[in-house]
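# Summary of structural features
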Amino acid sequence: MRRPIITVLVFLLFLSTSAHARVLLDITSPGFTAVPIAIYDFLGDERGNRVSEIVREDLRFSGVFAPVDREAYIETPLPVFDPSNWTPLGVELVVKGSVTTEDGDLVIVLYLYDVVEARKVMQKKYRAKAEFIRPLAHTISNDIYKAITGQDGVFKTKIAFIAEEKDNRTIYVMDWDGKRLRSTGIRAPLILSLHWSSDGKKLLYSSARGIQWGIYLADFTARKETLIYRSTATNIAGDFLPDGRAFLFSSSRKGSPDIYLYHLRSRRMERITWKRGIEVSPAISPDGKTIAFVSDQTGTPQIYTMGLDGRGLRRISFSSGYSTSPAWSPRGDSIAYAGMVAGRHQIFVVNLKNLEPLQLTVKGNNEEPSFSPDGRFITFTSDRDGYKRVYIMRANGEAQRPVSPGKMRAFGPKWSPK
Amino acid sequence: MKRLIILIFAGLLILSCAPRKVTTPQPQTMPSAEEGRATGSAQGKGTTEKGTAEIGGEEVAKIETAEIKEPTAAELTEQERMEILRDIHFDFDRYDIRDEDKPVLKKIADWLINKDNVKLVIEGHCDERGTNEYNLALGDKRARATKDYLISLGVPEDRLQTVSYGEERPLCTEHNESCWWKNRRSHFVVIEGGQ
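Residues numbered from 1 in each chain as written. Chains lettered and ligands numbered in written order. Predicted model: local features only at pLDDT ≥ 70, side-chain atom pairs only at ≥ 80, totals over all residues. Heavy atoms only, no water.

### Quick word on the overall build of chain B
Spelled out, the test is: For the purposes of this entry, the term helix denotes a DSSP run of H or I that reaches at least four residues, the term strand denotes a run of E that reaches at least two, and both are numbered from the N terminus. Burial classification: accessible surface area is computed with a 1.4 Å probe over protein chains only, and a residue below 20% of its type maximum counts as buried, one above 50% as exposed, and the rest as partly exposed. The contact definition used throughout considers only heavy atoms, calling two residues in contact when any of these lie within 4.5 Å.
The secondary structure content of chain B amounts to five helices and five strands. Ordered by position from the N terminus, the helices and strands of chain B form the series α-β-α-β-α-β-α-β-α-β. Taken across its 195 residues, chain B has 49% of its residues classed as buried. Long-range pairs, those at least 24 residues apart, make up 71% of the contacts in chain B between residues at least 6 apart in sequence.

As structure tokens, this is what we get:
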């Protein structure tokens, strides 16, 4: 512990406790409308405004909350609460807070009030090094989100993507909202196909080096890159299995691109498809039992699913054109992919029960969808601004916006599992 | 008396907090799932929080990229480059050799059979339409079809190597059919043999 324990104890003595639980919002219900929430600029100094603004942006983008106009804030910013101030305005939740500095650290005390239940839902103290103001604000967003919906928020997740510079590509990681961009240092003329391990500590990808496509593993804990498999064939990394002990990949090592499973410990390869055409882009279902992939067995690339043993083939996409890059929703009930409409690629989501595809994008070419871990958002690549850039949107297609830096050619985004 | 009360409270707190581990964030992990683990992390269900959430961050730790040496390109004459090792082309989303390209491959095969100590690298390329991964597989099919045709003309297999670049290395960068046609190709590179 970095501070005298007594301050924590004294602080805790003043905390009120409440055993009574709020009725959680059902954010999946079809009639759901965003909850009006008032988020005050936290008292103290300008960092309070910054934190409040980040929290507002997080909660607004979620689509679950609707931060109300600050002009409507009639109550004092001090941590006192009178629900009768808010009921006439239709505001259902109120957030207040204060910012202080302790030993150079940023400290925030947060209060969340529920107007409908007329009570304080949460009071919590946060502490971080001054430079981690954004992670701190995102932690607050996650806590508010969880307190009201019972679900884990994704405001601290990241997106990995590939940036193309002059002669090289670099793997970057940024916060899901595009902020705090950092290079991993992994740089090569050709890099493709990023895949997170389920603990979010490793990335698997393909890179062509010395005129051979290899599958490489970056370990962010050990801080090293390891070559897993390389040959004169085309070897393209696919998803890790949920337990992290094996991954899917596609390889033309036996002549034609087929799907394989690679067991990391034994280094054993298991062939799953045995076809003459192209089978590529294997993606594993969240329960680890079903593979979605692309096959051109009918003449055009389409999405199929099959068991881990290659049995139970089922066609998922039925467009006349081109359907590629499947991604499972974390609930396992739908698959996002890029389908062709009037010569351009658009993101679709198909429900696996009725196989009815829903088109989510319209402008430019939109490819490479990847779901957020809660399934409520999708990151993808779009060239609607004239060059490839990483975008995010809600999983129903709302609130589309670019998140990778302007002017940077960026593609292949993968939302981190944590 | 006051001290006693504080002690009792402290005791209660320690008991109630006991199963929750205080995790100090680990620096130097990038990107780390450890980031911002909270003491007394949200239990959801709208209960009042206890304790202080410690939010860590991550410091950017660079990973070194493993380099692999590129093979050395063989020296070629102007005539070899311009008249023999010409690109062959493919129709959209196809990987069969077109009849008009068969004489080009015949020339390449004859030249290669008479040329010792070099290896022919066949690069398969695609136009920008389609996703990168599928195009990488498509480029692989194009390079393989080209290789198989050269083998059928008598070129020993060990003189040939394929690599797909999919849509990653376009020859032409405009967005129209004449440009896409140029990019849907097998391209030939000669490297010094024996490797």
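### Things to note about helix α2 (residues 46-62) of chain A
Side chains of residues three or four places apart in an α-helix project in the same direction, reflecting 3.6 residues per turn. Residue and element names in this part refer to chain A. Just so we agree on the cut-off: Take the residue count of a helix, subtract one, and multiply by 1.5 Å to get its expected span. Polar contact is the term for a pair of N or O atoms within 3.5 Å; when the atoms are in protein, one must be able to donate a hydrogen and the other to accept it, and sequence-neighboring residues count only if both atoms are side-chain atoms.
Under the 1.5 Å per step criterion, the end-to-end length of α2 is 25 Å for 17 residues, consistent within 8% with the ideal 24 Å. When α2 is considered as a whole, its buried residues turn out to be R47, G48, V51, S52, I54, V55, R56, D58, L59, F61 and S62. Capping of α2 at its N-terminal end is provided by D45; its side-chain oxygen lies 2.9 Å from the backbone amide nitrogen of R47. Looking at the residues trailing α2, positive phi occurs at G63, about 80°.

### A few points about the sheet that holds strand β8 (residues 182-188) of chain A
All names here are of chain A. For the record, the criterion: Here a strand pair is declared whenever DSSP counts at least two bridges between the two strands. Note on definitions: angles span 0 to 180 degrees between N-to-C directions of axes, and those axes are lines fitted to C-alpha atoms, for helices only across the stretch in contact.
Here four strands make up an open sheet; going across it, the order is β8-β7-β6-β29 and the pairing antiparallel. Edge strands, defined here as strands with exactly one partner in the open sheet, are β8 and β29 (409-415). This sheet shows a mean twist of 25° between the axes of neighbouring strands, independent of strand direction. Sheet topology places strand β6 (residues 158-164) next to β29; five bridges connect them, and they run antiparallel. By the bridge assignment, I159 is partnered in β29 with W415.

### Quick notes on the packing of helix α3 (residues 102-113) of chain B against helix α4 (residues 132-152) of chain B
Residues and elements named next belong to chain B. What counts is decided by this rule: Any angle that is under 35 degrees is reported as roughly parallel, and any over 145 degrees as roughly antiparallel; angles of 65 to 115 degrees are reported as roughly perpendicular and all others as oblique. Crossing handedness follows the turn of the near helix against the far one: under a right angle anticlockwise gives a left-handed crossing, and clockwise gives a right-handed one. Amino acids are sorted into nonpolar (Ala, Val, Leu, Ile, Met, Phe, Trp, Tyr, Cys and Pro), charged (Asp, Glu, Lys and Arg) and polar (every other residue, Gly among them).
For the pair α3 and α4, the least separation of the axes is 10 Å and the interaxial angle reads 60°. With respect to their mutual orientation, α3 and α4 come out oblique. Crossing hand, α3 versus α4: right-handed. Residue-level inspection shows K102, L105, I108 and A109 of α3 in contact with α4, the latter providing T146, Y149 and L150. In terms of residue class, the contact of α3 with α4 is built from five nonpolar, one polar and one charged.

### Remarks on the packing of α2 of chain A against helix α4 (residues 133-149) of chain A
Residue and element names in this part refer to chain A. Across the interface, α2 lies against α4 with an axial gap of 9 Å and an inter-helix angle of 50°. As summarised for this structure, α2 and α4 are arranged oblique, according to the angle between their axes. Between α2 and α4 lies a crossing whose hand is right-handed. Residues R47, R50, V51, I54, V55, D58, L59 and S62 of α2 lie in contact with α4, whose contacting residues are I133, R134, A137, H138, I140, S141, I144 and Y145.

### Thoughts on the packing of aromatic side chains
Residue and element names in this part refer to chain A. What counts here: By convention, a stacked pair of Phe, Tyr or Trp rings (six-membered ring in the case of Trp) has centres within 6.5 Å and planes under 30 degrees apart, an edge-to-face pair has planes over 60 apart, and any other such pair is tilted. Put simply, a charge is over a ring when the Lys NZ or the Arg CZ is close to the ring centre, within 6 Å, and near the line of the ring normal, within 35 degrees.
Enumeration over the complete set of coordinates arrives at 25 aromatic pairs over all chains. When the ring of Y73 is compared with that of W86, the centres are 6.3 Å apart and the planes differ by 70°; the resulting orientation is edge-to-face. With Y73 in the loop between β2 (65-67) and α3 (83-86) and W86 in helix α3, the pair connects residues that are 13 residues apart, well separated along the chain. Across the pair, exposure class does not vary: Y73 and W86 are buried alike. Measuring from ring centre to ring centre gives 6.4 Å for Y111 and Y113, while their planes differ by 5°; the resulting arrangement is stacked. For the pair Y111 and Y113, one class covers both residues: buried. One aromatic cluster in this structure is built from F61, F65, Y145, F155, W176, F377 and W415. Sitting over the ring of F61, R394 keeps its end group 6.0 Å from the ring centre.

### Here's the deal with the state of the cysteines
Residue and element names in this part refer to chain B. Selection criterion: The disulfide criterion is simple: two cysteine sulfur atoms within 2.5 Å.
Counted under the stated rule, the structure contains one disulfide over all chains. Paired by a disulfide, C172 and C179 hold their sulfur atoms 1.8 Å apart. Because the torsion about its S-S bond is -120°, the bridge between C172 and C179 counts as left-handed. Comparing C172 with C179, the two get one shared label, buried.

### Looking at the sheet that holds strand β14 (residues 246-251) of chain A
All names here are of chain A. Sheet architecture is open: four strands sit in the order β13-β14-β15-β16, paired in antiparallel fashion. Looking at the sheet topology across the chains shown, the edges are occupied by β13 (235-240) and β16 (268-271). The sheet shows a mean angle of 30° between the axes of neighbouring strands, taken without regard to direction. Inspection of the sheet shows strand β15 (residues 258-263) paired to β16 by four bridges, in the antiparallel sense. Across the sheet, residue Y262 finds its bridge partner in β16, namely M269.

### Comments concerning the confidence of the model for chain A
This is how the line gets drawn: The predictor reports its confidence for every residue as pLDDT, a score running from 0 up to 100.
Taken as a whole, chain A shows an average pLDDT of 92; of its residues, 94% reach a score of 70 or greater. Confidence drops under pLDDT 50 across residues 1-21 of chain A; counting only partners more than four residues distant or on other chains, this segment forms 37 contacts.

### Points about the pattern of salt bridges
To be explicit about the condition: Here a salt bridge means any side-chain nitrogen of Lys or Arg lying within 4 Å of a carboxyl oxygen belonging to Asp or Glu.
In this structure the tally under the stated criterion is 41 salt bridges over all chains. Residue R184 of chain B is joined to D127 of chain B by a salt bridge in which the shortest nitrogen-to-oxygen separation is 2.9 Å. Of the two residues, R184 of chain B is situated in the loop between α5 (177-183) and β5 (185-192) and D127 of chain B in the loop between β3 (118-125) and α4; the sequence distance between them amounts to 57 residues. Among the residues examined, R184 of chain B registers a relative accessible area of 3% and is labelled buried. Taken together, the shared-partner salt bridges in this structure form one network comprising E102, D103, D105, K125 and R127 of chain A.

### Some points on the side chain of S334 of chain A
Residue and element names in this part refer to chain A. Mapped onto the fold, S334 is located in strand β22 (residues 334-341). A distance of 3.5 Å separates polar atoms of two side chains, one belonging to S334 and the other to D333. With near-sequence residues (within four places) excluded, S334 lies in contact with A327, W328, S329, V349, V350, N351 and L352.

### Regarding the pairing of strand β9 (residues 190-196) of chain A
Residues and elements named next belong to chain A. Among the seven residues in β9, seven count as buried, and that is most of the element. The pairing of β9 with strand β10 (residues 202-209) spans five bridges and is antiparallel. Its bridge partner being in β10, H195 is matched across the sheet by L204. Between β9 and β10, which pair antiparallel and follow one another directly, the connecting turn spans five residues, one of which, G200, has a positive phi of 70°.

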